[in-house]
Structures are given as structure tokens and as C-alpha cells.
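# Residue-level structural notes
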Amino acid sequence: MKSKKLIIIVISVIFLIILSNFIFSQVLKNPLVSGEKFGPLVLGVSRLIPREISTIESTSFQGLTTPRSSPDQMLVYDISELSHEDELKARGFQGLRNREKPILYLIGSEKDEFWLEQISAEKTVVSDLDYSNYPTIKYDVDSVKQKYLAITLSGVYDAIPVTSAEDPIYDLTILSEEEINMLVLEVSKETNKNMISFRDGKIDHIDFIVKNKMIMSSLALSGEDSPMPVYHKSTTEAEISDEIMSQMNPDCAMVGYNINPGIIGEVETIGYLSEKGCFSLPIPGVPNLSFLSALERAKPTHSTPISNITLEDKVYVVIILSDGDNLDLPYSKYKSFSQQHETPLAWSVSPFLNEFAPNMFEYYSSNLPQGDTLVVAPSGGGFIYPSTYKYFPAFVEHTDKFMKESDLKYIWLLDIAFRGYSPEMLDEFSQISNGLFMEYTILQPYSKSIEFYNDNPAVWSAAFVEKDGNIAERIVERTPKERPAFLFIGTEMRYNFPKHIDSEIAQLSDDYEVVSVPEFIDLIKQSRIL
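Figured I'd write up the structure that's included with this text. Predicted model, so just to flag it, every value in this text is computed and none were measured.

About the cut-offs
- Residues numbered from 1 in each chain as written.
- Predicted model: local features only at pLDDT ≥ 70, side-chain atom pairs only at ≥ 80, totals over all residues.
- Heavy atoms only, no water.
- Helix = DSSP H or I, 4+ residues; strand = E, 2+ residues; numbered from the N terminus.
- Buried < 20%, exposed > 50% of the residue type's maximum accessible area, 1.4 Å probe, protein only.
- Lys, Arg positive; Asp, Glu negative; His and termini not counted.
- Salt bridge = Lys/Arg side-chain N within 4 Å of Asp/Glu carboxyl O.
- Polar contact = N/O pair within 3.5 Å; in protein donor to acceptor, adjacent residues only side chain to side chain.
- Axes fitted to C-alpha atoms, helices over the stretch in contact; angles between N-to-C directions.
- Left-handed = near helix turned anticlockwise from the far one by under 90°.
- Contact = heavy atoms within 4.5 Å.
- Nonpolar A, V, L, I, M, F, W, Y, C, P; charged D, E, K, R; others polar.
- Parallel < 35°, antiparallel > 145°, perpendicular 65-115°, else oblique.
- Arc of directions from axis to C-beta.
- Core = buried A, V, L, I, M, F, W, Y, C linked by side-chain atoms within 4.5 Å.

### As for the side chain of E439
Relative to the elements of secondary structure, E439 occurs in the loop between β15 (435–438) and β16 (450–453). Among buried charged residues, E439 stands out as having no salt bridge; its nearest opposite-charge side chain is R47, 11 Å away. Only 2.8 Å separates the side chain of E439 from the side chain of Y421, close enough to count as a polar contact.

Here is the structure:
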């Protein structure tokens with residue numbers, strides 16, 4: 001009899017796993033739609049067989065070790081009219097010049113001009129850069145692999161990447177594919193072991209890579225296919241990528257933007273990095289990082305809204321704007337940040353912003369509108385899937401460190417949906433925060449959308465609004481019958497600016513009230529007492 005019950009249990013578990021994997025694959029194809037259909041079932045099964053979080057002890061990422069200072073004088077050079085090859089030379093040169101102190105700033109766009117205005121140093125415009133005292137690395141401009149290797153070699157050997165040279169210390173144009181691969185492995189042994197960079201397409205942070213002697217690898221790229229871990233162009237490239245990652249220190253930073261467009265590529269890539277124990281720090285559209293990261297860290301000046309609100313029979317809503325895991329956003333976050341608005345908003349932000357770009361952090365911290373809140377972007381100290389992260393204790397440790405340094409108190413988490421979001425994992429994050437927000441997609445019905453860990457609420461997403469901008473409609477759709485009710489609404493910031501959010505919230509009845517994050521958390525705690 002017992003054996004029959006055991007067989008039934010085993011068959012049931014296998015069936016649930018197969019069903020969940022099917023549903024999970026559907027969620028990945030269109031997560032914000034399929035997730036609302038299947039999300040609660042996926043999470044329900046996951047909670048029956050949760051993934052055990054890693055307990056591997058290791059060192060944690062402690063930040064940048066290069067010198068910092070507040071410059072009295074700086075050089076400014078305009079690269080907006082340069083060819084791609086000349087721009088690459090200038091950015092490589094900038095990384096070398098900024099190693100000891102922030103001195104050279106490049107202007108390539110309106111955004112560069114905006115952040116330059118935030119720096120109070122005497123600015124001298126120069127009309128040319130002198131590369132004559134530096135050796136060269138020659139590469140073929142049409143070869144992505146050669147170009148990225150040239151950038152790496154420039155950092156290691158204090159050289160300038162060029163497309164023509166009489167006596168380069170390395171001429172990559174005469175090397176075979178196999179020789180290029182072997183040189184990648186050879187030079188990787190001399191590169192930074194706390195930070196690595198993969199990047200598809202335009203590279204804005206060449207200067208930072210050169211300055212910090214990081215490896216810039218094209219080996220994870222595969223044209224239009226998803227980049228990691230299975231779509232390498234060859235078995236050799238996959239093996240080389242794995243070898244490079246094996247050399248990295250525990251809890252390392254993958255600095256750059258390492259995925260092709262599309263959620264599938266993102267899932268695979270973040271999954272790969274999490275398993276290797278390396279967190280993603282996206283920095284698309286952040287030139288001059290070798291300069292910005294050399295500035296003195298700023299003191300947080302933002303104030304967290306004080307909650308003195310009394311609970312009523314209303315629907316309380318909190319709105320958090322997404323994508324703050326990027327150090328700065330390519331659509332110029334500061335333009336939407338400065339819009340006057342009445343709705344209390346929560347802006348997701350990287351806890352590394354003050355470490356890598358203090359002047360940007362100072363701008364957002366000092367200009368945070370009254371009633372607004374800064375919330376740590378997914379998933380804490382870098383974008384990972386916590387449930388599969390190889391050095392989870394180290395990740396929590398460095399998340400705590402950089403949150404405290406930037407006076408951040410709330411975390412927005414993204415985890416792998418299937419067998420993720422274990423209570424054990426959420427409990428660990430609750431110990432370093434005053435409240436948690438989970439997911440973009442809907443993984444819990446409203447009746448189960450609020451959990452408590454260490455007396456702090458952990459709130460599941462009620463909706464995520466993208467291009468359509470129908471915030472009011474989504475809020476009404478997700479409103480339960482009971483009162484009071486609490487809805488966490490995530491919004492894609494590229495399409496939902498503060499003025500638009502104001503216009504959407506104005507459509508709601510008096511039964512609804514949008515509140516700040518601290519008020520939202522406090523109201524949930526009040527409702528728990530009742």
C-alpha cells in the first residue's frame with residue numbers, strides 16, 4: 001500500500017514539474033501576458049519544491065579601488081564629429097589619463113553636456129589629444145573580436161587601439177582566428193578579476209574598461225541569437241567564455257550591457273551570470289565613466305517621506321518606475337525626473353550609482369521631489385536571479401553595504417519564476433530592508449499578494465504597465481472587493497513619465513489613493529494589527 005502511495009506521489013510530482021516547465025516556457029515567450037495567466041500556478045508549484053539558496057561563503061564585491069578626488073581643473077574634448085575609430089582611440093586614451101585622477105572629459109552628446117554642468121571644476125577645452133607617448137594595438141575595424149581584444153590589450157599594456165600603425169606591440173590583423181582566441185585567454189590572466197565586461201553593439205564605457213584593465217570580450221555574442229549560454233558561434237568560444245569566468249573572483253561585477261534585445265536573451269544571460277556568481281551592472285549610455293567613477297562619493301541628501309497617514313477603507317496604490325538597475329538610462333532619466341508632478345512616485349535606482357557615478361547620484365538624491373522615494377532596483381546590488389546566485393551570502397552582504405552608503409531602505413526583487421522566490425530567500429533580503437516589492441508579472445492572486453518577513457511586508461506585483469500607459473485601467477482591473485486594499489503597480493519608465501502618470505491617476509475615483517512607499521508599508525502594517 002505504501003509503495004502505491006509513493007508511486008502516486010512521484011508521478012504527481014513529475015507531472016507538476018512537466019506542467020510547470022511548460023507554463024514557464026509560455027511565460028518567457030510573453031511574460032507580462034502569460035505571466036498573468038499562469039504566474040500564480042507557477043509560483044504555487046515552486047513553493048512546493050523551492051530552490052535552496054546558496055550558502056557558499058566567499059568574499060563580496062567591495063567597490064572600486066582606484067583613487068578618488070574632487071578636481072579643481074579638468075580638460076574637455078569634443079568627440080561628436082569623430083569617426084568611430086578615432087572615437088575609440090579617444091576613449092581608450094581617456095581611460096589611461098583618468099587612472100590617477102579625473103582630468104579628461106569627452107563630449108559626444110547632449111547628455112554629456114548636462115552631466116558636465118553638474119561638475120564644479122575649471123574647464124579647459126582642448127582641440128586635440130596627444131597619443132604620441134603611447135604604444136599602439138592594431139586591429140581591423142570590421143572585426144568585433146579584434147576590436148574588443150584591442151580594447152582589453154590597451155588597458156593591460158597602457159596602449160592606444162588604432163587601425164593603422166607602423167610598429168604596434170600587437171598587430172591583431174595578421175593573427176588567425178585560433179591565435180586570436182588563444183591571445184584572449186592569455187591576456188585574460190592579466191586582467192581585473194573583480195570586474196568583467198561583455199557588450200554587444202556600441203560601447204560607451206571603453207574608457208572605464210581601459211582604466212580598470214578589464215577584459216572586453218566578444219565571445220558571448222552570436223549575431224541575432226541569444227548570447228548565453230548555448231548560442232555561442234562555436235564550442236571553442238563557449239569553452240573560452242567559461243574559462244574566463246572561472247578566473248573571476250567570487251561575487252564579481254559584469255559591467256556593461258551584455259544582452260541582445262528581447263526577454264529570452266535577458267533570462268538566459270542573467271541565469272548564466274547568476275550560476276557563475278557574477279552580477280550584472282548595466283551601464284548603457286554612460287560615457288565618461290572613467291572620470292565619473294574617480295569623483296569623491298556624494299553624501300545622500302534625499303529624505304525618505306515620513307508616514308503619518310491613518311488607515312481608511314480605501315484602495316492604496318504605490319507606483320514604482322522601472323529600469324533603475326541601469327546606472328543611467330539611455331532615454332535621459334533626468335528629463336523625466338525633473339518633471340513637476342503631484343503623484344507620489346518611487347524611482348528605482350542602483351545602489352552602485354554613488355560608487356560608479358557620484359555626481360549622478362548627487363543629482364538624483366538632492367533633487368528628489370518631496371513625497372517621492374528612491375527604491376533599490378532589481379535585484380539589490382546588481383541584476384541577478386537570487387535563487388540561483390552562486391555566492392548568495394556575498395550578494396546580500398554587498399547589497400546591504402551599498403544600500404546603507406546611499407541611504408536606501410526598500411528593494412525591488414526579480415527572481416527566476418520557477419522554483420524561485422523561496423521564503424528563505426525573501427527572509428534574507430527582509431533583514432537588510434524595510435520592505436520588499438517582487439516581480440513585474442503577476443505571480444500571486446490578491447489574497448496572497450502580501451507576505452511578512454521579520455515584520456516587514458513583502459508585496460507582490462499587481463500589474464506592470466508598459467507602452468500602452470493604461471495605468472488607471474490596470475489599477476481598476478486589479479482592484480479586489482475587500483477594503484482596505486493595497487496594490488503595487490510597476491511602470492516602464494521609458495513610456496510612463498510623471499505628467500502622464502498624473503493624468504492617469506486623475507481618472508480614478510476617491511476610493512483610490514496613491515501614497516509614498518513608506519506610507520504604503522506603514523498602512524499595510526496598520527491593517528495587519530486590525
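Further notes follow.
### Side note on the packing of helix α5 (residues 144–157) against helix α6 (residues 177–188)
Contact geometry for α5 and α6: axes closest at 11 Å, N-to-C directions at 30 degrees. Crossing hand, α5 versus α6: left-handed. Along the contact surface, α5 presents K145, Q146, L149, T152, L153 and V156, while α6 presents E177, I180, N181, L183, V184 and V187. Its residues assigned to classes, the contact of α5 with α6 shows seven nonpolar, three polar and two charged.

### A look at the packing of helix α14 (residues 392–405) against helix α15 (residues 423–430)
Relative to each other, α14 and α15 sit at 30 degrees, their axes nearing to 10 Å. By the angle class used here, α14 and α15 are roughly parallel. The two elements α14 and α15 cross, and the hand of that crossing is right-handed. Contacts between α14 and α15 involve F392, F395 and V396 from the former and M425, E428 and F429 from the latter. Within the contact of α14 with α15, the residues separate by chemical class into five nonpolar, no polar and one charged.

### A short note on helix α17 (residues 498–505)
Looking only at α17, the buried set comprises P498, I501, D502, E504 and I505. The buried residues of α17 occupy one face: seen down the axis, they fall within an arc of 165 degrees.

### Re the environment of I244
Within the secondary structure, I244 is located in helix α8 (residues 235–247). With a relative accessible area of 2%, I244 lands in the buried category.

### A closer look at the nonpolar core
With 158 residues, the main nonpolar core has F356, F429 and F437 as its most contacted residues. Those residues in contact with F437, other than ones at most four positions away along the chain, are V318, I320, Y410, I411, W412, L413, V459, F488, V517, F520 and I521.

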